[in-house]
Every structure is written in C-alpha cells, then in structure tokens.
Amino acid sequence: MEFDHIAINVEKIEKSVKWYVEQLGAVILYKDRTWALLKVGDIKVALTLAKQHKPHIAFKVGSLSGFDKEEVKMHRDGSQYVYKEDPDGNVIEWVRY
C-alpha cells in the first residue's frame, strides 16, 4: 500500500485548478467539468465537487480482495475503489488502478 492522493471539495473546478496552477505550480494530470487531478511536487491532489465525492485520503493497493464484493465500486477511469470512514468520520479510499 502507498499514498496515492488527497481529495478536497471545491466550488468550481476550473477556478480552483487555475488557482493551484498559479499559486503552487500544479501540473494538471486530468481535468473535466466535475473533477481534476493535479500534481503538486510529489503529491497528487484531486479537486472534486461535493455532490460527486467526499473529501478523502487515498491509498493505492494491488488488490481489493479483502473487501466484500458489494463494497468495491468503479470510477469512470476504470479504477476500482472502496471508501470507508475511520473512527472519527474521515474518509479513506483504497484504490486499485
């Protein structure tokens, strides 16, 4: 398992992408009207809309076989994922590309 990205909610994808590029020198890895994936240094940051995704921390894994099949979902890019909350309500994502 390794750290993959952190996702934060924003109001407007385009406006936020512009800010991260201008202020932090972010590189755009992916962008559409509903979310964007940026690279800032060695860190990936996903900018998401609240109605699409909860803010979360994601870890890349080689397999999701330890989860029940109904827990495993699929992103639009074909990656599989599981969201779970820690004891304090923070969302953790296990993602398999």
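Above this text sits the structure in question.
Residues numbered from 1 in each chain as written. Predicted model: local features only at pLDDT ≥ 70, side-chain atom pairs only at ≥ 80, totals over all residues. Heavy atoms only, no water.

S.K.: Whenever I open this one, the side chain of H5 confuses me. Can you help?
M.R.: Here H5 shows up in strand 1 (residues 2–9). On the accessibility criterion, H5 (8% relative accessible area) is buried. A polar contact of 3.3 Å, which involves the side chain of H5, links it to the side chain of E93. In this structure H5 touches K44, A46, H56, I57, A58, E93 and Y97, once residues within four positions along its chain are discounted. (Helix = DSSP H or I, 4+ residues; strand = E, 2+ residues; numbered from the N terminus. Buried < 20%, exposed > 50% of the residue type's maximum accessible area, 1.4 Å probe, protein only. Polar contact = N/O pair within 3.5 Å; in protein donor to acceptor, adjacent residues only side chain to side chain. Contact = heavy atoms within 4.5 Å.)

S.K.: I would appreciate a short explanation of the pattern of salt bridges in the present structure.
M.R.: Here the idea is simple: oppositely charged side chains can pair when their charged atoms come close. Evaluated as defined, the whole model comprises 6 salt bridges. Its salt-bridge partner being D4, residue K44 comes within 3.0 Å of it at the nearest N-O pair. One end of the pair, K44, is in strand 4 (residues 43–48); the other, D4, is in strand 1, and 40 residues separate them in sequence. Residue class for K44 comes out partly exposed when judged on its relative accessible area of 22%. Linking K54 and E85 is a salt bridge whose minimum nitrogen-to-oxygen distance equals 3.4 Å. (Salt bridge = Lys/Arg side-chain N within 4 Å of Asp/Glu carboxyl O.)

S.K.: Can you help me understand the layout of surface pockets in this one?
M.R.: The gaps left among the atoms become clear once a water-sized probe is rolled over them. Its volume calculated, the largest pocket comes out at about 350 Å³. For the largest pocket, the lining is made up of 21 residues, of which W35, H53, H75, D77 and S79 are closest to its centre. Listing elements by their share of the lining of the largest pocket, those giving two or more residues are strand 1, strand 3 (35–40), strand 4, strand 7 (80–85) and strand 8 (91–96). Its residues placed into classes, the lining of the largest pocket shows 10 nonpolar, 7 polar and 4 charged. (1 Å grid on protein atoms, 1.4 Å probe; cavity = no way out; pocket = protein on both sides within 12 Å on 5 of 7 lines; lining within 4 Å. Points joined across faces, edges and corners; volume = space filled by probe spheres on them. Nonpolar A, V, L, I, M, F, W, Y, C, P; charged D, E, K, R; others polar.)

S.K.: I would appreciate a short explanation of the pairing of strand 1 in the present structure.
M.R.: On a regular strand, one side chain projects to one face of the sheet and the next to the other, so that they alternate. When strand 1 meets strand 5 (residues 56–60), the two strands line up antiparallel, connected through 5 bridges. From the neighbouring strand, E2 faces strand 5, where its bridge partner is K60. As paired elements, strand 1 and strand 4 share 4 bridges and run parallel to each other. The partner of A7 across the bridge, within strand 4, is A46. (Pairing = 2+ DSSP bridges.)

S.K.: Even after reading the chapter, I still don't get the nonpolar core, so can you show me in this structure?
M.R.: Soluble, globular proteins show a tendency: their nonpolar side chains are buried together. Counting 10 residues, the largest nonpolar core is built from V10, I13, V17, Y20, A26, A36, L38, V45, L47 and L49. Elements that contribute at least two residues to this core include exactly helix 1 (13–24), strand 3 and strand 4. With 3 residues, the top contributor of residues to this core is helix 1. With 6 residues, the next largest nonpolar core counts V61, L64, F67 and V82 among its residues. (Core = buried A, V, L, I, M, F, W, Y, C linked by side-chain atoms within 4.5 Å.)

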